[in-house]
Amino acid sequence: MENIGYYNGKTGLIEEMTIPMGDRSVYFGDGVYDATYSVNHIIFAIEDHLDRFYNSCRLLEIPAPMEREELKKTLYDCVKQVDDPDQFVYWQCTRGTGIRNHIFPEGKSNLLIYCLPCPMKDLSQRYKLISMEDTRFYHCNVKTLNLIPSVLASQRAKEAGCQETVFHRGDLVTECAHSNVSIIKDGKFITHQLDNLVLPGITRKHLIEICKEKGIPVEERDYTMDDLRAADEIIVSSSGALCMPACELDGKPVGGKAPEIIKILQDAYLERLHKETAVK
């Protein structure tokens, strides 16, 4: 198939699939999601993503749509039906279906999956960034469908000719509209600590592991917009962006002072990805 959409056991081309009006995602964005790449029809970092997905379900008190191994099998069943071996794999769980009511409905949760061809990012690029006040709520550690502030921030970035928006609460940097953001300063990898203000990014997790393997010191802590501007490198990381350095923030040049560390991180990350997704 060219692509595949899945909804509660039914499959078809994405553009032909529909969901009920009563799905809680329609009225409330009442659900969670996760996403990653498939390379050679092998889903990268699947266990990490399932860990985060089930934790998001738990934090929002949404019953998981199926047991972990069954979901993993269902994801692979979808991936294998798409002809292109390199895909973006997305899945979400919503609280269920019912007439609009803020109170939790009775019944099962809904599972939606889609897979479509997606080439890997060109890591030779450098991102241009803008910054905005972080007006999101205090559950940013949950990968929820409630993404309106991120949607607006992404639109502002596009209008400015940029690839991402950096959020800050006051002077403290949190993350980006749909990525984590970290910095390199004086040979150290510095990233916001995991709390309810940032998503526990899978790529962020892997980059921290790589830093420790390569002897690069890691600091998980608050840092400011001034720290961001003065960083030797700014790194935007996500399952889609992987490990992208930045060259501009709010129209002014940034980074570019530690390209050797960027290369170490990118090469090691790609090595992990290709090793895990190599055809046995």
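It should be noted that the structure appears before, not after, this text.
Residues numbered from 1 in each chain as written. Predicted model: local features only at pLDDT ≥ 70, side-chain atom pairs only at ≥ 80, totals over all residues. Heavy atoms only, no water.

Colleague: Any chance you could explain the pairing of strand β14 (residues 242-249) here in plain terms?
Modeller: Two faces make up the sheet, and in a regular strand the side chains alternate between them. Most of β14 sits inside the fold, with seven of its eight residues counted as buried. Summarising the sheet, strand β7 (residues 127-133) and β14 pair through three bridges and their orientation is parallel. Across the sheet, residue Leu 129 finds its bridge partner in β14, namely Leu 249. Turn length for the strand β13 (residues 233-238)-β14 hairpin, with the two strands adjacent in sequence and antiparallel, is three residues. Counted between consecutive antiparallel strands, the loop separating β14 from strand β15 (residues 252-253) contains two residues, among which Asp 250 sits at a positive phi close to 50 degrees. (Buried < 20%, exposed > 50% of the residue type's maximum accessible area, 1.4 Å probe, protein only. Helix = DSSP H or I, 4+ residues; strand = E, 2+ residues; numbered from the N terminus. Pairing = 2+ DSSP bridges.)

Colleague: Would you take a moment to explain the nonpolar core for this structure?
Modeller: It is characteristic of soluble globular proteins that their nonpolar side chains tend to be buried jointly. Counting residues in each nonpolar core, the largest one holds 42 residues, and the members touching the most others are Phe 189, Leu 228, Ile 234 and Leu 265. Looking at which element gives the most residues to this core, the answer is helix α7 (residues 259-276), with six residues. Ignoring anything within four residues of it in the chain, the contact list for Phe 189 reads Ser 182, Ile 183, Ile 184, Leu 207, Ile 208, Cys 211, Ile 216, Pro 217, Val 218, Glu 219, Ile 235 and Leu 265. If you look at the next biggest cluster of nonpolar residues, it comprises 24 residues, including Tyr 6, Cys 57, Trp 91 and Ile 113. (Core = buried A, V, L, I, M, F, W, Y, C linked by side-chain atoms within 4.5 Å. Contact = heavy atoms within 4.5 Å.)

Colleague: Sorry, what's going on with the environment of Ser 237 here?
Modeller: Looking at the element boundaries, Ser 237 is found in strand β13. Those residues in contact with Ser 237 that sit more than four places away from it in its chain are Ser 179, Asn 180, Thr 203, Arg 204, Leu 207 and Leu 242.

Colleague: How should I be thinking about the environment of Ser 154 in this particular structure?
Modeller: Relative to the helices and strands, Ser 154 is located in helix α4 (residues 148-159). Separated by 99 residues in the primary sequence, Ser 154 and Asn 55 place their C-alpha atoms 26 Å from one another. Among residues more than four places away in sequence, those in contact with Ser 154 are Thr 165, Ala 177 and His 178.

Colleague: Looking at this model, I keep getting lost on the side chain of Gln 92. Mind explaining?
Modeller: Among the structural elements, Gln 92 can be located in strand β5 (residues 87-94). By relative accessible area, which is 11% here, Gln 92 ends up buried. Separated by 2.6 Å, the side chains of Gln 92 and Tyr 90 make a polar contact. (Polar contact = N/O pair within 3.5 Å; in protein donor to acceptor, adjacent residues only side chain to side chain.)

Colleague: Looking at this model, I keep getting lost on the pattern of salt bridges. Mind explaining?
Modeller: Following the criterion strictly, the structure yields 22 salt bridges and no others. Across the pair Arg 68 and Glu 47 runs a salt bridge, and its minimum N-O distance is 2.7 Å. Here Arg 68 is found in helix α3 (residues 68-81), whereas its partner Glu 47 is found in helix α2 (residues 46-59), with 21 residues between them in sequence. Judged by relative accessible area, which is 24%, Arg 68 ranks as partly exposed. With its nearest N and O atoms 3.1 Å apart, the salt bridge here joins Lys 188 to Glu 219. Linking Lys 188 in strand β11 (residues 188-191) with Glu 219 in strand β12 (residues 218-220), this pair joins segments that are 31 residues apart in sequence. Taking relative accessible area as the criterion, Lys 188 reaches 33% and is therefore assigned partly exposed. Residue classification places Glu 219 among the partly exposed positions, given a relative accessible area of 23%. (Salt bridge = Lys/Arg side-chain N within 4 Å of Asp/Glu carboxyl O.)

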